[in-house]
Amino acid sequence: MSYHSKLKTDLQGAAAAGLITPEQADKVWERSYSMRTFASFKAAHWIGAAAGLFVALGLILVVASNWDKIGAIAKMGAFLLLFYGIGEAVLRLESKPAAAIPLETLWFFMPVLGIGLYAQIFNLSGDPVKPYLVWAALSAPLAVFSKRPLAAYLCAILLFTVLYWGTMGSANMLSLTARYNSGSQPLWHWALALGTLGAGAALYPGKRLGLPLGAGVVWLFVMMVADTAIKVRSEALVLLTGMSLAVLWLTYGRETAEEKAGLPLTAWTAAVYLMTFFWHYRGHSSYGSSSSDTAAGGAIAWLLFAGALISALFRKQRLLPEGATEDYLAKALLAASMLGAFLLFDASEGSAKILAVIANVILAAYGAGCIISGARTANEKLINRGVLVITLTAITRFVDLFGGLLKSGVAFIVTGLAFGALAYFVNQGRKALIESVKK
């Protein structure tokens, strides 16, 4: 059952019990439902947006087929006239979404068409990133002042795409990798990259910080593991950085307490799960030399760790529903997920195995916390999540301990039967828990 379906059921139950009036229940549900992403978009609006895109592509094909017959001044004049006309039509038809949305979509893509047209007419070449940044700058007013979120989403996606492509790409005004810059990474490249990231986050519509913050977290981690001025190479610092960023995203990735953890929670769980594979650690790899860490990268890693640890201890946790026991457990699990990285400093196979065991314990404790909290709050989804995490942890530990014994067909058959029995009993236990919370 989706969140809004469950909310509607709960509100109807509250109205039936006389806690609130039916009118109040309807208003609360309508307000919550209207705050969804793309809530204002109907099927006709999506079709209209697609229509605008197809019109833009059609215009490109028509012009391309008659390109040699059109003079340079006529080309630019016709483009500017068309650009102005579409913008005027968007403003005049703003109250009619079926017409305004296709025109707005076309208007958003027109700057890049104009840039390409100008460059083709006058045989210009240069930085491949610059046209896209100019496109974003020209589209930003539309994203800011439009009453619909479509342009804002498109502009934010454009900026994040340019950020990733530019900073990891060949020599350009955003490139930050040493292999493309002969070891030189000018500070203004970093300033422009951070400005692009900030602009994408600022233009992202609404107050939901999860996805923009996630884009920034992933980008920073990529910059720290790539060959940049802030690179880290030792396994301990890479793990410490990744877990700290996951905790920060989980802590700050929502605007309100009611907003679901969603993707940040999945990212943290996946990061802890990856730690379980240190059971197979066989000493330092060529990638993990601490001598390759840069001073800036090491400083950023420790700052991220300090910020994440303080946030985990003193801000509201997002792992489990609120409650004294849940809060203590969640904060301990978040802190442990980061502190485990210290076992990799001058790591041996033994300490790496201890880290893997700790990661499994974290997952098992989190799964148990989900089940207990789900039973206490009658939350079926939380119970299912806990069962899934514990089952995954059990399978991982089995493979860690006995995976090396799977050398014959009989062993695989026995393992398959064991997993089948595990699935049966886990499912029966899950159903029993769900039935108990319904009573």
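Bear in mind that the values here come from a model prediction, so they are computed numbers and not experimental data.

Caption draft 1: The arrangement of the overall build of the chain in detail. A tally of regular secondary structure across the chain gives 17 helices and 0 strands. Within the span of the chain, comprising 439 residues, buried residues form 40% of the whole. Once local pairs closer than 6 in sequence are excluded, the contacts in the chain between residues at least 24 apart make up 70%.

Caption draft 2: The arrangement of the environment of Pro149 in detail. Its place among the elements puts Pro149 in the loop between α6 (130–145) and α7 (150–168). With relative accessibility at 18%, the residue Pro149 sits in the buried group. Sequence separation of Pro149 and Gly206 is 57 residues, and the distance between their C-alpha atoms is 8.3 Å.

Caption draft 3: Expanded view of the confidence of the model for the chain. On average, residues of the chain carry a pLDDT of 77, and 72% of them reach 70 or more. Least confident of the elements in the chain is helix α17 (residues 409–438), whose mean pLDDT is 55; most confident is helix α13 (residues 295–314), at 93.

Caption draft 4: How the structure looks around helix α10 (residues 210–225). Counted at 1.5 Å a residue, the expected span for α10 with its 16 residues is 22 Å, and the 22 Å between its end C-alpha atoms agrees. Where α10 is concerned, the buried positions are Gly210, Pro212, Gly214, Ala215, Gly216, Val217, Trp219, Met223 and Met224. Lining the buried residues of α10 we find α7, α9 (187–203), α11 (235–252) and α13.

Caption draft 5: Molecular detail of the packing of aromatic side chains. Within this structure, the stated rule accounts for 13 aromatic pairs. Centroid distance Trp268 to Tyr366: 5.8 Å. Interplanar angle 85°. Geometry classified as edge-to-face. Taken together, the residues Trp268 in helix α12 (residues 263–275) and Tyr366 in helix α15 (residues 349–377) connect sequence positions 98 residues apart. Classification of Trp268 by relative accessible area gives buried; the value is 0%. Since its relative accessible area comes to 1%, Tyr366 is described here as buried. Ring centres 6.0 Å apart and planes at 10° place the aromatic pair Trp302 and Phe345 in the stacked group. Of this pair, Trp302 sits in helix α13 while Phe345 is found in the loop between α14 (324–339) and α15, placing the two residues 43 residues apart along the sequence.

Caption draft 6: Structural detail: the nonpolar core. Among the nonpolar cores identified, the biggest contains 76 residues, and Trp268, Leu319 and Tyr366 are the most heavily contacted of them. The greatest single-element share of this core, amounting to 12 residues, is contributed by α11. Those residues within four positions of Trp268 in sequence are excluded, and the remaining contacts are Met243, Ala246, Val247, Leu250, Leu319, Leu333, Leu334, Ser337, Ile362 and Tyr366. Counting residues in hydrophobic clusters, the runner-up holds 5 residues, among them Phe79, Ile86, Val90 and Leu106.

Caption draft 7: Geometry of the environment of Leu203. Residue placement: Leu203 occurs in helix α9. With near-sequence residues (within four places) excluded, Leu203 lies in contact with Ala140, Ala143, Val144, Ala152, Cys155 and Leu159.

Caption draft 8: Here's a closer look at the packing of α12 against α14. Closest axis-to-axis distance for the α12/α14 pair is 11 Å, and the angle between their directions is 50°. By the angle between their directions, the pair α12 and α14 is classed as oblique. For the crossing formed where α12 meets α14, the hand is left-handed. The segment α12 lies against α14, with Trp268, Val272 and Met275 engaging Leu333, Leu334 and Ser337.

Caption draft 9: Geometry of a nonpolar patch on the surface. On the surface, Trp302, Leu339, Phe342 and Phe345 cluster together into a nonpolar patch covering about 340 Å² of accessible area. Assessed through its relative accessible area of 32%, Phe345 is described here as partly exposed.

Caption draft 10: Quick peek at the side chain of Thr196. Looking at where Thr196 falls in the secondary structure, it is placed in helix α9. Taking the relative accessible area as the measure of exposure, Thr196 reaches 4% and is therefore buried. Within the structure, Thr196 has its side chain in polar contact with the backbone oxygen of Leu192 (distance 2.8 Å). Sequence-distant contacts of Thr196, that is, excluding residues within four places in its chain, are made with Leu133, Leu159, Leu163 and Leu174.

Criteria and thresholds
- Residues numbered from 1 in each chain as written.
- Predicted model: local features only at pLDDT ≥ 70, side-chain atom pairs only at ≥ 80, totals over all residues.
- Heavy atoms only, no water.
- Helix = DSSP H or I, 4+ residues; strand = E, 2+ residues; numbered from the N terminus.
- Buried < 20%, exposed > 50% of the residue type's maximum accessible area, 1.4 Å probe, protein only.
- Contact = heavy atoms within 4.5 Å.
- pLDDT = per-residue confidence, 0-100.
- Expected span 1.5 Å × (residues − 1).
- Phe/Tyr/Trp six-rings, centres within 6.5 Å; stacked < 30°, edge-to-face > 60°.
- Core = buried A, V, L, I, M, F, W, Y, C linked by side-chain atoms within 4.5 Å.
- Axes fitted to C-alpha atoms, helices over the stretch in contact; angles between N-to-C directions.
- Parallel < 35°, antiparallel > 145°, perpendicular 65-115°, else oblique.
- Left-handed = near helix turned anticlockwise from the far one by under 90°.
- Patch = residues over 30% accessible without salt bridge, like charges linked within 9 Å, V, L, I, M, F, W, Y side chains within 5 Å.
- Areas by Shrake-Rupley, 256 points an atom, 1.4 Å probe, with all protein chains shown as cover.
- Salt bridge = Lys/Arg side-chain N within 4 Å of Asp/Glu carboxyl O.
- Polar contact = N/O pair within 3.5 Å; in protein donor to acceptor, adjacent residues only side chain to side chain.

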